[in-house]
Amino acid sequence: MDGLVIEHLNKTLGNRLVVDDLSLRVAPGDLVCLLGPSGCGKTTTLRMIGGFLQSDSGTITINGVDVTTLPPERRPTAMVFQNYALWPHMTVFKNVAYGLRLRKLARPVVEERVVAMLGLVNLVEKRDRHPSELSGGEQQRVALARALVLEPDLLLLDEPLSNLDAKLRVGVREEIREIQQRLQIATVFVTHDQDEALTISDRIAVMSGGRIEQYDDADGLYRLPQTSFVASFIGSMSTVPGRVVDAGLLLGACPVPVACPALAAAPEIERGVEWSVGIRPEDVRVDTGGSPTATVVKEVPHGHFKELLLRLDGDDTTVIRAYVGTEHPPTGRVAISLARALLYRDGHLAHEVAPARPVVAALSAR
Amino acid sequence: MGDVPVELRRAERLVSTVTTGAEATGAEATGATATGATATPATQARRAPAPARRRRPLTPGRAAVGLGMLVLAIFIFGPLLWLMLWAFAGVWHYPSLLPQSWSLSWWREIFHYPQLVRSVGLSFTFAPIVTLVSAVVCLPAAYAIARFPVPGRRTLLVVLFASNAFPKIGLYITIAGLFYALHLMGTFFGVVLIQLLGTVVFMTWIPAASFASIPRALEDAARDVGASRLRVFFTVTLPLAAPGIFVAMVLAFLASFDEAQGTFLVGVPNYITMPVQMYSLVSDYPPQAAAVFAVLLSIPSVALMLLVRKHVLGGALARGFELR
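Conventions used here
Residues numbered from 1 in each chain as written. Chains lettered and ligands numbered in written order. Predicted model: local features only at pLDDT ≥ 70, side-chain atom pairs only at ≥ 80, totals over all residues. Helix = DSSP H or I, 4+ residues; strand = E, 2+ residues; numbered from the N terminus. Buried ≥ 20, exposed ≤ 12 C-beta atoms within 10 Å, placed from the backbone. Contact = placed C-beta atoms within 7 Å. Nonpolar A, V, L, I, M, F, W, Y, C, P; charged D, E, K, R; others polar. pLDDT = per-residue confidence, 0-100. Core = buried A, V, L, I, M, F, W, Y, C linked by C-beta atoms within 7 Å. Pairing = 2+ DSSP bridges. Axes fitted to C-alpha atoms, helices over the stretch in contact; angles between N-to-C directions.

**Brief notes about the overall build of chain B**
Part 1 of the reasoning: For chain B, the helix and strand inventory stands at 15 helices and 2 strands.
Part 2 of the reasoning: Residue burial in chain B is summarised as follows: out of 324 residues, 40% are buried.

**Let's talk about the interface of chain A and chain B**
Part 1 of the reasoning: In this complex, chain A contributes 18 residues to the contact, which on the side of chain B involves 14 residues.
Part 2 of the reasoning: Secondary structure elements with two or more residues in the side of chain A that touches chain B: β6 (77-80) and α2 (92-102) of chain A.
Part 3 of the reasoning: Among the elements that take part in the side of chain A that touches chain B, α2(A) stands out by supplying 3 residues, more than any other.
Part 4 of the reasoning: The residue inventory of the side of chain A that touches chain B, partitioned by class, reads 11 nonpolar, 4 polar and 3 charged.

**Re the confidence of the model for chain A**
Part 1 of the reasoning: Residues of chain A with pLDDT of at least 70 account for 96%, and the chain-wide mean is 89.
Part 2 of the reasoning: When the criterion is pLDDT under 50, residues 358-366 of chain A qualifies, and its contacts beyond four places in sequence or with other chains add up to 21 contacts.

**Here we look at the nonpolar core**
Part 1 of the reasoning: V96(A), A145(A), V188(A), A205(A) and V206(A) are the most contacted members of the largest nonpolar core, which has 169 residues in total.
Part 2 of the reasoning: When residues of this core are assigned to their parent elements, the largest contribution, 14 residues, is made by helix α11 (residues 229-258) of chain B.
Part 3 of the reasoning: With residues near it in sequence (within four places) discarded, A145(A) still touches V96(A), M117(A), L118(A), L120(A), V121(A) and L123(A).

**Quick notes on the pairing of β6(A)**
On a regular strand, each side chain points to the face opposite its neighbour's, so the side chains alternate between the two faces of the sheet.
Residue and element names in this part refer to chain A.
Part 1 of the reasoning: With burial as the criterion, each face of β6 is covered, one bearing T77 and M79 and the other bearing A78 and V80.
Part 2 of the reasoning: Two elements, β6 and strand β7 (residues 154-158), share 4 bridges in a ladder whose sense is parallel. Its bridge partner lying in β7, M79 is registered against L156.

**As for the sheet that holds strand β18 (residues 319-324) of chain A**
Residue and element names in this part refer to chain A.
Part 1 of the reasoning: Within the open sheet, the 5 strands sit side by side as β15-β19-β16-β17-β18. Their pairing is antiparallel. Pairing within the sheet leaves two strands with one partner each, and these edge strands are β15 (284-287) and β18. Going from strand to strand, the sheet's axes swing by 45 degrees on average, the running direction of each strand aside.
Part 2 of the reasoning: Relative to strand β19 (residues 333-338), strand β16 (residues 294-301) runs antiparallel, the two sharing 2 bridges. Paired with T295 across the bridge in β19 is R333.

**Let's talk about the sheet that holds strand β4 (residues 57-62) of chain A**
Strand pairing in a sheet relies on backbone hydrogen bonds, with the paired strands running either antiparallel or parallel.
All names here are of chain A.
Part 1 of the reasoning: Spatial ordering of the open sheet is given by β2-β1-β4-β5, a layout of 4 strands whose pairing is antiparallel. Looking at which strands have only one partner, the edges of the open sheet turn out to be β2 (16-26) and β5 (65-66).
Part 2 of the reasoning: Sheet topology note: the strand β1 (residues 4-13)/β2 ladder contains 7 bridges and is antiparallel. Across the sheet, residue L9 finds its bridge partner in β2, namely L22.
Part 3 of the reasoning: Lying on the sheet, helix α1 (residues 42-50) is in contact with β1, β2 and β4; it crosses β1 at an angle near 120 degrees.

Spelled out as structure tokens, the structure:
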């Protein structure tokens, strides 16, 4: 297969297994995010793809060529470093031209390609500046230009936006995505920011403890998080212990109806056992009428919506979150029902309880 | 002139760093050089308190600092001034404050004395060669210490430093025995080798700190776009470490230029450099001759120190002596 293929990659640093039997495929032209908390092995994986770290075992293939043991200068990869790593003693032009000059290209060819690349990132007029004279966003673009000018088979981005302020970050990430799609270049993007990952990726590999927990597109990741780690890492999710009854769920000791007509006729969902029930806040309906089953304990404004913390009747510890509009948010005693719920056992997703797809039995990997 | 306290602090730091350097060369035979080297900072230190009096009220603390600066200036400039007077003195007898007559005759004498002219040539031959050899030997070591987890690197650095902390003459006597056995006594190579000893600590510590302060990602980035390790070193690492290396080379040059004990032991009678020549001038000639020669000997020191002033102030030297 073309693109990037990683198989059974392992890496131990110190005495810690940082990357644990990791396999990943990135199709040509795709942008894939490695997403996870710090220390999950995402940067280590990226550095192994770039050749800056040697893997202990496993193989890395790029467009059919095994690069596992090649040094970075002989891999068809180009990396944008977290702090950009621009050479401070060279101008913007020389930074971008450095790699081309190594390839012994004629001067006019180098000039032409560097100027074209600087045009792509809107920095032609800054060509004779030194990196210290540029803003963070401009430095970022120079780093991107320096990587792209070599027309690599694979672009590697190591948290490229973490040093930019929040406003700039959104603009630059859209710019990166736009350029990446225009050049149709396979890209691996490391980030700990789920927002970044969800907005620009074709697919996202959520990592934890050196393993990929789930490899999916943004939709799948959000709607059907396959493990409780992914569920808690992506978006907001309340996780409470509960049982399945014909009318819905028993969360703690509190009966909560679920908008799933077929639930009663779904014997494959075990009734007598305790599930770990995952509930997205937007799937919780809060009504002031009917027979109340929960109490609003806290209201958190988020601008265009409000988040409610609801304590379910039955015991004091079961609290779930719900999103409501800003107009007349319910207070005091309320009745709740669920549009959707996910059932986990041993940290893995077993069933989705939803109206459109009444019961989805154990999801296989997508 | 800018902010006064900053100016003061810079001047103090410069004085302290340069003094460290001068002490570490172990150039006690050529006191003239040490004073020459500190002339630059002293000028700054002396200038600094003046506007302070104009801008702020004279507190006892400030007065004490001013007095301290004055004492320091006299301490540094006094001997140098005395030396200059002697260099141009014809007759000067106690208790006169100034020479009774002036003369340039000793300058003429020195420039017409072939042995002295030859020693000037030798000094300016040995110092660059020793500096270059030192760079070639020490820079790779400095890079390795900065970049790789070399076992015992800390011990190595401390040992290098400690070798300058003891009286060298004992060490030289031992080395002399070895040099006799290896037929290095009285040879050009022997002199280079003995002078090399005093330069190693600068050439290792300061560049190692410079190399260590270069983010590794800058080197990774160069390899990423296709540069070999060697090319990365010459196009990225070396240019970025240049200020520190430059300071180290100047200090090594001066250490070699001022080296007297070892050169005396190994080089005499074939290779008599300027500092070695000073011994015979002091003992065999009137003070005027020695003064003229001392002034000549301090010219390169002053010139080079002025040259690296920017980098010394920039902290390349101070960073070099931080032990990590």
